[in-house]
Amino acid sequence: MKHNALKVLAVAAAASMCLGLAACNNDSSSGSSTSGSGSTAETLSGKVNVGGSTSMEAVVEALREAFAEEYPDVDVTYSPTGSGAGITGATDGTLDIGLSSRALKEEETGVKGTTIALDGISIIVNANNPVSDLSLDDLAKIATGEITNWSELGGNDAPIVFLGREAGSGTRDGFESIVGVEDVCVYNEELTTTGAVIAKVQSNENAIGYASLSAVDDSVKTLTIEGVAPSEETVQDGTYKIQRPFVLVTNESNALSDAAQAFFDFATSDAADDLIRAAGAVPLAD
């Protein structure tokens, strides 16, 4: 009987010790957020190189700022070099995460695209332009040089100055593919940033161009397309026809570093929706 009693006491003591250790472990981990790899926000550090689409600048800056509050020792750098450069950077490993404002093409292999938001491509004219609505067919005829005067569209008797982005731009690729004018556009001028397009349209009463919905401000006039204005609601429900995805591009062969994975997880989480919306882009529908 005495032997059995001692055995019972030993088992009880061991159980008590295990419970105590579990409680200590729980106490030590409480209040610490972790990355996907198990690193805590307090200990995670490193550098994350992202780059590519200039149209995604407002979204990326909003994500970077919020991410830095949670992971203060991770340095996320952003290079606005265009979607083509973002995809190339993810492919050759010079970027941890590439940024593209268009879907990946079939020939762009070795990388994976993850859509984090949608964006309407706004058609913009000078604030003094009386034209307020165009059809996709109108846009195609402007882009190809078939329509060259605003009077043909109910506007002033003045030559149309068609502005666009440089080759490799995701905004250009999105506009041309949706309107159906790939490789046949006749531009009066090709510009290397979204901001430059907006500035040129603002300063030229006869200009028309395209720019990301998230970048357009009151300095220019946004046209409706077949009666529909670009907005979060019309992009999300598909009624606004000129829209494209905002994509994170990652290399399929090389795993992300802990720091890069943490940023990727943050950017693709539900918590990022309000940041994306505040930056002028459209979160994915639930």
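Bear in mind that the values here come from a model prediction, so they are computed numbers and not experimental data. Along each chain, the written sequence defines residue order, and numbers are assigned to residues from 1. Given that this is a predicted model, residues contribute local features only at a pLDDT of at least 70 and side-chain atom pairs are listed and counted only at 80 or more, while totals for whole chains, interfaces and linings are drawn from all residues. Side-chain measures here rest on the full set of heavy atoms in the structure, leaving out hydrogens and waters.

Bringing the overall build of the chain into the picture now. Only runs of H or I of at least four residues qualify as helices and only runs of E of at least two qualify as strands under DSSP, and these elements are numbered from the N terminus. From N to C terminus, the chain includes nine helices and 12 strands. Relative to its 286 residues, the chain shows a buried fraction of 44%. Note on contacts: a residue pair qualifies if any of its non-hydrogen atoms lie within 4.5 Å across the two residues. In the chain, 73% of the contacts between residues at least 6 apart in sequence involve partners at least 24 apart. Only the protein chains shown count as covering a residue, and every accessible area follows the Shrake-Rupley method with a 1.4 Å probe. When the accessible area of the chain is evaluated, it comes to approximately 13700 Å², of which 50% is carbon and sulfur surface. With a 1.4 Å probe rolled over the protein chains alone, any residue whose accessible area is under 20% of its type maximum counts as buried; one over 50% counts as exposed, and the rest are partly exposed.

With respect to the helices and strands, the residue Lys141 is situated in helix α4 (residues 136–143). With 38 residues separating them along the chain, Lys141 and Val179 place their C-alpha atoms 9.8 Å apart. Residues contacting Lys141, with those up to four places away along its chain left out, are Glu146 and Ile147.

Okay, helix α8 (residues 258–267) next. Burial of α8 is extensive: seven of the 10 residues sit out of reach of the surface. Within the sequence span of α8, burial applies to Ala259, Ala260, Ala262, Phe263, Phe264, Phe266 and Ala267.

The subject of this paragraph is the packing of aromatic side chains. Only centres within 6.5 Å qualify two rings of Phe, Tyr or Trp (six-membered ring in Trp) as a pair; their planes then separate them into stacked at under 30 degrees, edge-to-face at over 60, and tilted for everything else. Within the structure shown, the criterion is met by eight aromatic pairs. Ring centres of Phe67 and Tyr71 lie 4.7 Å apart, and the angle between their planes is 25 degrees; this geometry places the pair in the stacked category. Taking the relative accessible area as the measure of exposure, Tyr71 reaches 4% and is therefore buried. Taking the centre distance of 6.5 Å and the plane angle of 70 degrees together, the rings of Tyr187 and Tyr210 count as edge-to-face. Of this pair, Tyr187 sits in the loop between α5 (170–179) and β7 (189–191) while Tyr210 sits in strand β8 (residues 207–212), and the two are 23 residues apart along the sequence. Of the two residues examined, Tyr187 and Tyr210, each falls in the buried class. Following the ring pairs from residue to residue traces out a cluster consisting of Phe67, Tyr71, Phe263 and Phe266.

We now examine unusual backbone geometry. Phi is positive for Asp183, close to 65 degrees, though the residue is something other than glycine. Residue Asp183 is classed as exposed on the basis of its relative accessible area, which comes to 78%.

Counting buried positions along α4 gives six out of eight residues, so the element sits mostly inside the fold. Taken residue by residue, α4 has Leu136, Asp138, Leu139, Ala140, Ile142 and Ala143 as its buried positions. Looking at the packing, one finds that the buried side of α4 touches β4 (111–125), β5 (133–134), β6 (161–165), α5, β8 and β10 (224–225). Note on α4: the residue one or two positions beyond its end, Gly145, has a positive phi of about 85 degrees.

Attention shifts here to the packing of helix α2 (residues 57–70) against α8. Each axis is a line fitted through C-alpha atoms, and for a helix only the stretch in contact is used; angles between axes span 0 to 180 degrees, taken between their N-to-C directions. Relative orientation of the contacting elements α2 and α8 amounts to 120 degrees, with a least axis distance of 11 Å. Compared by their axis directions, α2 and α8 come out oblique. Both α2 and α8 take part in a crossing whose hand is right-handed. Residue-level contacts link Leu63, Arg64, Ala66, Phe67 and Glu70 of α2 to Ala259, Ala262, Phe263, Phe266 and Ala267 of α8. Only Asp, Glu, Lys and Arg are considered charged, only Ala, Val, Leu, Ile, Met, Phe, Trp, Tyr, Cys and Pro nonpolar, and every remaining residue, Gly among them, polar. Classifying every residue of the contact of α2 with α8 gives eight nonpolar, no polar and two charged. Should an angle fall under 35 degrees it is called roughly parallel, over 145 degrees roughly antiparallel, and 65 to 115 degrees roughly perpendicular, with every other angle called oblique. In a left-handed crossing the near helix is turned counterclockwise from the far helix by less than a right angle, and in a right-handed crossing that turn is clockwise.

As a further point, take the side chain of Asp273. Residue position: Asp273 is located in helix α9 (residues 273–278). By the counting scheme adopted, Arg and Lys are positive, Glu and Asp are negative, and His together with the chain ends is not counted. The working definition used for a salt bridge is a side-chain nitrogen of Lys or Arg within 4 Å of a carboxyl oxygen of Asp or Glu. Among buried Asp, Glu, Lys and Arg side chains, Asp273 stands out as unpaired, with Arg277 the closest opposite charge at 5.6 Å. Beyond its immediate sequence surroundings of up to four residues, Asp273 is in contact with Pro283 and Asp286.

Attention now goes to the pairing of strand β3 (residues 97–100). Alternating positions in β3 separate into two faces, Ile97 and Leu99 on one and Gly98 and Ser100 on the other, with burial throughout. Strands pair, by our definition, only if DSSP identifies at least two bridges between them. Sheet analysis places strand β1 (residues 46–52) next to β3, joined by three bridges and oriented parallel. Directly across from Gly52, in β3, lies its bridge partner Leu99. Relative to strand β11 (residues 243–251), β3 runs antiparallel, the two being bridged by three bridges. Each residue of the ladder has a partner; that of Leu99, found in β11, is Leu248.

For the rest of this paragraph, the subject is the side chain of Arg102. Mapping Arg102 onto the fold places it in the loop between β3 and β4. Overall, Arg102 belongs to the buried group, its relative accessible area being 7%. When near neighbours in sequence (up to four residues on either side) are disregarded, Arg102 contacts Ile87, Glu108, Gly170, Asp173, Pro245 and Val247.

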